[in-house]
Amino acid sequence: MEVDYIIVGSGLSGIAFADVALSNKKSIVVFSDFSQNSSIIAGGLYNPVILKRFSEVWNSRLQLDYMNYFYNQIESRLNSKFNFHLPILRKLHSIEEQNNWYLASDKLNLSNYLSSKLFTDKINYINSPFNFGQVLQSGYVDTNSFLTSYLNYLSSNNLLVNSRINYSSLDLNSGNIFYSGIKSKNIVFAEGFGLHSNPFFNYLPLDGTKGEVLVVKIPNFNLKYVLTSNIFIIPLGNDLYKVGATYEWNDKTAIPTKEGKKELISKLKELVATDFEIVSHLAGVRPTVRDRKPLLGMHPANNNMFVLNGMGTRGVMLAPVMAKNLFDYIEFGIPLDKVIDIKRYEKLYQF
């Protein structure tokens, strides 16, 4: 079997690269042992504004435009729906926070993203005397539905191998890559936090941040927006809501904890004044990087080996355009932005 790309990893980054390659008539095979689940359990929110600092997300316009094109064309092709455009409502807690919102919404680079009018409608079970700020051009991707649909598509076309890559069995000595009976021009590693086990790219400073979420049932809540305060609440339909997320920097396991559950329950009770039922409790490790920028590029010693990683908490926005950037770099020699190119960490690599 001969292909243009072996892709290792089936999270948002791996699937994004797979689709970009297929859309450009390239042949692929995807390897995954499904050991990393951060993409599956992710809240999937996309938001062009960092609300804590009222600053624009890096390259937000480019990210949003390509993200919407990317998911929309896959929805059409797979006859599925997983990109939901919903305003994000930020609960405001004081007159000062209201004033800060007005000031931010008046900034030239944020005026298209932040409504200058407060959202004043009442929401069941939410005490909101200072109302809500409203983020525009936002929403969420149902990552579980998206990845499940796409993996089924790959599997039905014999493009998915459910297996862990044995790094030591990769033959790199002939100008191509040979592995398990497959000859490939290139290999792209998109393994999320699993990068730490990769001997070719484990020199990169991928920290990893554990996050936990709950899926809860809240009858008669009828929330039709994404709500954020010290947690987010995403409406999933049928009285179900995704609630998250925690941030833990020391525990690198994908095992739900009592502490994480307790924290989420406490914050949800502070925000929503009614009973709720916990349906599920999930955890994963986000692939975060020290400088908060993705990790893209070519291996320092192997010119047909590449990495696509480090999307952090903004994977649904970042992964599509980063996949395209990496593809354009490999196929057309279009340089990567220095802030995402792994050359910025080349001094960490031991030749």
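Everything below is about the structure printed above this text.
Everything quoted here is computed from the prediction, not taken from an experiment. (Residues numbered from 1 in each chain as written. Predicted model: local features only at pLDDT ≥ 70, side-chain atom pairs only at ≥ 80, totals over all residues. Heavy atoms only, no water.)

> Would you mind going over helix α5 (residues 143-156) with me for this structure?
With 14 residues, α5 extends 20 Å between its outermost C-alpha atoms, agreeing within 8% with the 20 Å of an ideal straight helix rising 1.5 Å per residue. For α5, every residue scored as buried is listed here: Thr143, Phe146, Leu147, Ser149, Tyr150, Leu151 and Leu154. (Helix = DSSP H or I, 4+ residues; strand = E, 2+ residues; numbered from the N terminus. Expected span 1.5 Å × (residues − 1). Buried < 20%, exposed > 50% of the residue type's maximum accessible area, 1.4 Å probe, protein only.)

> Hey, could you run me through the packing of aromatic side chains in this one?
Note on aromatic pairs: each is described by the distance of the centres and the angle between the planes. Taken as a whole and judged by the stated rule, the model has 26 aromatic pairs. Judged by centre distance (5.1 Å) and plane angle (75°), the ring pair of Tyr5 and Phe17 falls under edge-to-face. Placement of the pair is Tyr5 in strand β1 (residues 2-8) and Phe17 in helix α1 (residues 12-23), with a sequence separation of twelve residues. Residues Tyr5 and Phe17 agree in their burial class; the two are buried. Plain terms: the ring middles of Phe306 and Tyr329 are 6.4 Å apart, the flat faces sit at 85° to each other, and that makes the pair edge-to-face. Here Tyr329 lies in helix α7 (residues 315-332) and Phe306 lies in strand β19 (residues 305-309), a separation of 23 residues in the sequence. A relative accessible area of 3% places Phe306 in the buried class. By way of ring pairs, the aromatic residues Tyr66, Tyr69, Phe70, Tyr71, Phe82, Phe146, Tyr150 and Tyr153 are connected into one cluster. Between the NZ or CZ atom of Lys81 and the centre of the ring of Phe84, over which it lies, the distance is 5.7 Å. (Phe/Tyr/Trp six-rings, centres within 6.5 Å; stacked < 30°, edge-to-face > 60°. Lys NZ or Arg CZ within 6 Å of the ring centre and 35° of its normal.)

> What's the story with the packing of α1 against α7 in this structure? I'm lost.
Helix-helix packing: each pair is described by the crossing angle between the helix axes and the interaxial distance. For the pair α1 and α7, interaxial distance at closest approach is 8 Å and the crossing angle is 45°. By the angle class used here, α1 and α7 are oblique. Seen along the crossing, α1 lies across α7 with a hand that is right-handed. Contacts between α1 and α7 involve Leu12, Ser13, Ala16, Phe17, Val20 and Ala21 from the first element and Gly315, Val316, Ala319, Pro320, Ala323, Lys324, Leu326, Phe327 and Ile330 from the second. Residues of the contact of α1 with α7, tallied by class, amount to twelve nonpolar, two polar and one charged. (Axes fitted to C-alpha atoms, helices over the stretch in contact; angles between N-to-C directions. Parallel < 35°, antiparallel > 145°, perpendicular 65-115°, else oblique. Left-handed = near helix turned anticlockwise from the far one by under 90°. Contact = heavy atoms within 4.5 Å. Nonpolar A, V, L, I, M, F, W, Y, C, P; charged D, E, K, R; others polar.)

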